Amino acid sequence: MKKPRHPAPAAALDTPALPWRWALAGALLGVLLVVLVGAPARWLTAGLARASGGMVLLAEPQGSLWSGSARLVLAGGVGSHDSTALPGRVHWRLAPAPLGLTARVTADCCTPQGPLALRVAPRWGGARVSVADGQSLWPAALLAGLGTPWNTVQPQGELALATQGLAAEWLAGRLALSGGAELTARRLSSRLSTLRPLGSYRLRLRGGDAVGLELSTLEGGLLLSGSGQWVGARLRFRGEARAAPGLEAPLANLLNIIGRRQGDRAIISLG
């Protein structure tokens, strides 16, 4: 009597196909690595333009996604005709890191103390960006590219940026900041006033549970002050501008542009 035949185990039937599956997976992974390693710099420029709403642009990109350069341009956003390019070029180097990505950025004109170092780490529903402590110098004229009111004020001078323990985290559409930053505007001037310079000013960013801004005057004939907080993803700022005694006439036009006039003051209100 013949013994009944039993079907071969499923694993045995699939065994011949396993090498092909591994080979296909390896080939796809290899293609992906080749694409990523050779990714052009314009991939980064397109991503930054979308993320910033067309306000931060990288023009004339060269090199690759991982090591390249471009001209930094600030613009007024989608549909705006205002734009200003930073002198020289901006250079970057990206590298994978545990649970994230590191970036080192230098600007020909503005990073005399060395590259700006950043670390990007994805989060569930968001991301965290950490900025290494450092200092950099930027031309105030770059702000004119952002549109109103900067394109009218046409600021001139130097912006010194210093960061300390600064990190930003986006989770579920909300922005959380830790650490701090200080922006010092030195010897600012404007085409709207014959008073040159207008003065020097300090803007402090304070992270924590209540993210705040504080504006103060260091010196000069144009006196600026104010404070604000981030509520969710929006900034609410209240401040004022006024002329030092005896300088009302050369500052009148500028005060009319800065804010809503209330007697000898211009009220600044954002958000």
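Residues numbered from 1 in each chain as written. Predicted model: local features only at pLDDT ≥ 70, side-chain atom pairs only at ≥ 80, totals over all residues. Heavy atoms only, no water.

**Student:** Can you help me understand the overall build of the protein chain in this one?
**Tutor:** The secondary structure content of the protein chain amounts to five helices and 16 strands. Buried positions account for 31% of the 271 residues belonging to the protein chain. A separation of at least 24 residues holds for 38% of the contacts in the protein chain among residues at least 6 apart in sequence. (Helix = DSSP H or I, 4+ residues; strand = E, 2+ residues; numbered from the N terminus. Buried < 20%, exposed > 50% of the residue type's maximum accessible area, 1.4 Å probe, protein only. Contact = heavy atoms within 4.5 Å.)

**Student:** Quick question: what am I supposed to make of the side chain of threonine 163 here?
**Tutor:** For threonine 163, the location among the structural elements is in strand 9 (residues 156-171). From its side chain, threonine 163 meets the backbone oxygen of alanine 132 in a polar contact 3.2 Å long. In contact with threonine 163, other than residues within four places in its own chain, are Val131, Ala132, Asp133, Gly134, Gly180 and Ala181. (Polar contact = N/O pair within 3.5 Å; in protein donor to acceptor, adjacent residues only side chain to side chain.)

**Student:** Is there a simple way to think about the environment of threonine 106 in this case?
**Tutor:** With respect to the element layout, threonine 106 can be found in strand 5 (residues 100-107). For the pair threonine 106 and serine 69, spaced 37 residues apart in sequence, the C-alpha separation works out to 9.3 Å. For threonine 106, the contacting residues outside a window of four places in its chain are Arg89, Val90, His91, Thr111 and Pro115.

**Student:** Got a minute to help me understand the pattern of salt bridges in this structure?
**Tutor:** Pairing of side chains with opposite charge becomes possible as their charged atoms draw close. Within this structure, the stated rule accounts for eight salt bridges. Ionic pairing is found between glutamate 240 and arginine 242, a salt bridge with its closest N-O pair at 3.5 Å. According to the relative accessible area criterion, arginine 242 is partly exposed, its value standing at 34%. By sharing partners, the salt bridges in this structure join Glu60, Arg71 and Arg89 into a single network. (Salt bridge = Lys/Arg side-chain N within 4 Å of Asp/Glu carboxyl O.)

**Student:** Explain the nonpolar core to me, please; I cannot follow it from the model alone.
**Tutor:** Looking at soluble globular proteins, one finds that nonpolar side chains tend to be buried together. Ranked by size, the top nonpolar core spans 35 residues in total, and within it Leu86, Leu198, Tyr201, Leu222, Ala241, Leu251 and Leu255 carry the most contacts. Of all the secondary structure elements, the ones that give two or more residues to this core are strand 2 (67-75), strand 4 (90-97), strand 5, strand 10 (174-189), strand 13 (222-231), strand 14 (234-243), helix 5 (248-258) and strand 16 (265-270). When sequence neighbours within four positions are dropped, the list of residues in contact with leucine 251 reads Ser193, Leu195, Leu198, Gly221, Leu222 and Ala243. Grouped together as the second largest cluster of nonpolar side chains are seven residues, Leu166, Ala168, Leu177 and Ala181 included. (Core = buried A, V, L, I, M, F, W, Y, C linked by side-chain atoms within 4.5 Å.)

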